[in-house]
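Survey of secondary and tertiary structure
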Amino acid sequence: MVYPVYSRRSRGLSIGINLFPDRKACSFDCPYCEVFPFKNDSAFSLEVMESALRRTLAGLAPGETVRDICFSGNGEPTLSLDFIPAAKACLRIRDELVPAADLVVISNGTGLLDSAVFDFLRNAARGASHLKLWLKLDAGTEAWYLRMDRSAVPFGDLTAKIREFAAAAPFIIQTMICAVDGKSPPPEEAAAWEALLLDLLPGLTGVQLYGKARPAPEDPLASVLPAAFLEERAASLREKFRLKFSNPPVVEVFP
Ligand code: SF4
C-alpha cells in the first residue's frame, strides 16, 4: 500500500502509493505490463495508508531526500473510488512532513474521461498543490494504440480529453517504446505521435520515452528495442519542438 523505491524516472527516492493491494485493476491491458496477475484478501484503507505513509516518512535515514510521493501500483490509480480522498490526504501529509517533495500521479489518462477526476487533477496540477501528472501516451495512431494498450476506451475520446487537459494544466507525457509480437512501431506511427504531442502545448512540459526494462507476464510478446531507436525518436521530437516553440518541453530517454 505504501512502499519506498528508488525511481530512475524520479532520480531518487520515491514513496509509492498502491490503491490496489488486492488485485490488478486497469483500463488498459498493455502487453509489456510488469504487474503479474494476483489476487488476495487485502483491502485498501485510507486510514491505514495515512498511518503507513507517516511511518515511512518518519523512518527515513537522516538527510535522506524524498523526491516524490507517487500514485502508481497495481493498475490505474484513478479507477479507485479512494483515489481523490487518498490524493488529498497525501497532499496534506506531504505539506506537513516533506514539503519539497512532489506528489506524482502516474496515469494512463483514462481517468480524464471522469469529470470529477479531470477537475481534481486539473485544479491540483495548476494550483498551489504542485501535483505532477505523468500521463501515458504510447501511440499516435489508433492501430498502434490497440497493439500497445489493448483498451476498450476509444483512442479518439482519450486523445480529445488529453488535448482538453493540455489547455488547462501542466503534465508530462510518458511513452513506452517497445516491439509487440516482433514488430517495432511503424514510421507512420512515429509521425502521428509527434503531431499529437506538438498539439499538446501549453500544458505539455516534458516527454519521457522509456524502454521495457523489466520482465512482463506476457513476455516475449513485448520485447526491448535498442536504445538507439529510442534516442532517434527523441532527437526527431526535440527537433520538431525546437522549430515550433521558443521554450520547448524537455524530452528525456530512459532505455
Ligand atoms: S496502464 Fe500500466 S498498469 Fe495498466 S496495463 Fe498498462 S502498464 Fe499495466
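Residues numbered from 1 in each chain as written. Predicted model: local features only at pLDDT ≥ 70, side-chain atom pairs only at ≥ 80, totals over all residues. Heavy atoms only, no water.

Some remarks on the site of the ligand
We apply this condition: Consider each residue's heavy atoms; a residue with any of them within 4 Å of a molecule or strand counts as near. Lys, Arg, Asp and Glu make up the charged group, whereas Ala, Val, Leu, Ile, Met, Phe, Trp, Tyr, Cys and Pro make up the nonpolar group; the residues left over, Gly among them, are polar.
By nearness alone, every residue bordering the ligand is listed as Lys24, Cys26, Phe28, Cys30, Tyr32, Cys33, Gly75, Asn108 and Lys136. Tallied by class, residues from the shell around the ligand come to five nonpolar, two polar and two charged.

Comments concerning unusual backbone geometry
Keep this limit in mind: Segments assigned H or I by DSSP are reported as helices when at least four residues long, segments assigned E as strands when at least two residues long, and all are numbered from the N terminus. Accessible area is worked out with a 1.4 Å probe on protein chains only. A residue is then buried under 20% of its type maximum, exposed over 50%, and partly exposed in between.
For the bond running from Leu201 to Pro202, omega is 15°, close enough to zero to count as cis. Among the structural elements, Pro202 can be located in the loop between helix 6 (187-198) and strand 8 (204-210). The omega torsion across Asp219 and Pro220 is 10°, close enough to zero to call that bond cis. Structurally, the position occupied by Pro220 is in the loop between strand 8 and strand 9 (222-223). Phi at His130 is positive, roughly 55°, even though this residue is not glycine. Secondary-structure assignment places His130 in the loop between helix 3 (115-126) and strand 5 (131-136). In this structure His130 comes out as partly exposed when scored by relative accessible area, which is 48%. Positive phi values are uncommon outside glycine, yet Asp181 reaches one of about 55°. Relative to the assigned elements, Asp181 resides in the loop between strand 7 (179-180) and helix 6. Given a relative accessible area of 52%, Asp181 falls into the exposed group.

Considering the pattern of salt bridges
What counts is decided by this rule: One side-chain nitrogen of Lys or Arg within 4 Å of one carboxyl oxygen of Asp or Glu is enough to make a salt bridge.
Summed over the entire model, instances satisfying the criterion amount to 16 salt bridges. Between Arg54 and Glu96 there is a salt bridge, with its nearest N and O atoms 3.0 Å apart. Taken as a pair, Arg54 in helix 1 (residues 46-58) and Glu96 in helix 2 (residues 83-97) lie far apart in primary sequence, 42 residues in all. Here Arg54 falls in the partly exposed class, since its relative accessible area comes to 32%. Here Lys136 ties to Asp138 by a salt bridge, and the two come within 3.8 Å at their closest N and O atoms. Taken as a pair, Lys136 and Asp138 share a single burial class, namely buried. Residues participating in the shared-partner salt-bridge network are Asp29, Arg150 and Glu218.

A short note on the packing of aromatic side chains
Each pair of aromatic rings is reported with the distance of its centres and the angle of its planes. Put simply, the test is: Classification of ring pairs rests on two measures: the distance between centres of Phe, Tyr or Trp rings, Trp counted by its six-membered ring, which must be within 6.5 Å, and the angle between planes, read as stacked under 30 degrees, edge-to-face over 60 and tilted in between. Either the NZ atom of lysine or the CZ atom of arginine qualifies as a charge over a ring when it sits within 6 Å of the ring centre and within 35 degrees of the ring normal.
Summed over all chains, the structure comprises seven aromatic pairs. Measuring from ring centre to ring centre gives 5.5 Å for Phe118 and Phe165, while their planes differ by 80°; the resulting arrangement is edge-to-face. You can see Phe118 sitting in helix 3 and its partner Phe165 sitting in helix 5 (residues 155-166), a full 47 residues away along the chain. Accessibility assignment for this pair places Phe118 and Phe165 in one class, buried. In this structure an aromatic cluster arises from ring pairing among Phe28, Tyr145 and Phe155. In this structure, Lys161 is placed above the aromatic ring of Phe118, and the distance from its NZ or CZ to the ring centre is 5.1 Å. In this structure, Arg233 packs its charged tip against the face of Trp193, placed 4.6 Å from the ring centre.

Things to note about helix 3
Short version of the rule: Given the number of residues in a helix, its expected span is that number minus one, multiplied by 1.5 Å. Any two residues whose heavy atoms approach within 4.5 Å at even a single point are treated as in contact. Any pair of N or O atoms that falls within 3.5 Å is considered a polar contact. Within protein, one atom must be able to donate a hydrogen and the other to accept it, and sequence-neighbouring residues count only if both atoms are side-chain atoms.
Between its first and last C-alpha atoms helix 3 spans 16 Å; for 12 residues at 1.5 Å apiece the expected length is 16 Å, and the two agree. Buried residues of helix 3: Val117, Phe118, Phe120, Leu121, Arg122, Ala124 and Ala125, and no others. As for helix 3, its buried residues are in contact with helix 2, strand 4 (102-107), strand 5 and helix 5. Structurally, the start of helix 3 carries an N-cap: the backbone nitrogen of Ala116 is 2.9 Å from a side-chain oxygen of Asp114.

Description of the packing of helix 2 against helix 3
Heads up, the condition is: Fitting a line to C-alpha atoms yields each axis, with helices limited to the stretch in contact; the angle taken between N-to-C directions then spans 0 to 180 degrees. Orientation labels follow simple angle bins: below 35 degrees gives roughly parallel, above 145 gives roughly antiparallel, 65 to 115 gives roughly perpendicular, and whatever is left gives oblique. Definitions for this section: a left-handed crossing has its near helix turned counterclockwise from the far helix by less than a right angle. A right-handed crossing has that turn clockwise.
Remark: helix 2 packs on helix 3, axes separated minimally by 11 Å, with the N-to-C direction vectors making an angle of 15°. The angle between the axes of helix 2 and helix 3 places the two elements in the roughly parallel class. The hand of the helix 2/helix 3 crossing is left-handed. Residues Phe83, Ile84, Ala87, Lys88 and Leu91 of helix 2 pack against Ala116, Val117, Phe120 and Leu121 of helix 3. Partitioned by chemical class, the residues of the contact of helix 2 with helix 3 number eight nonpolar, no polar and one charged.

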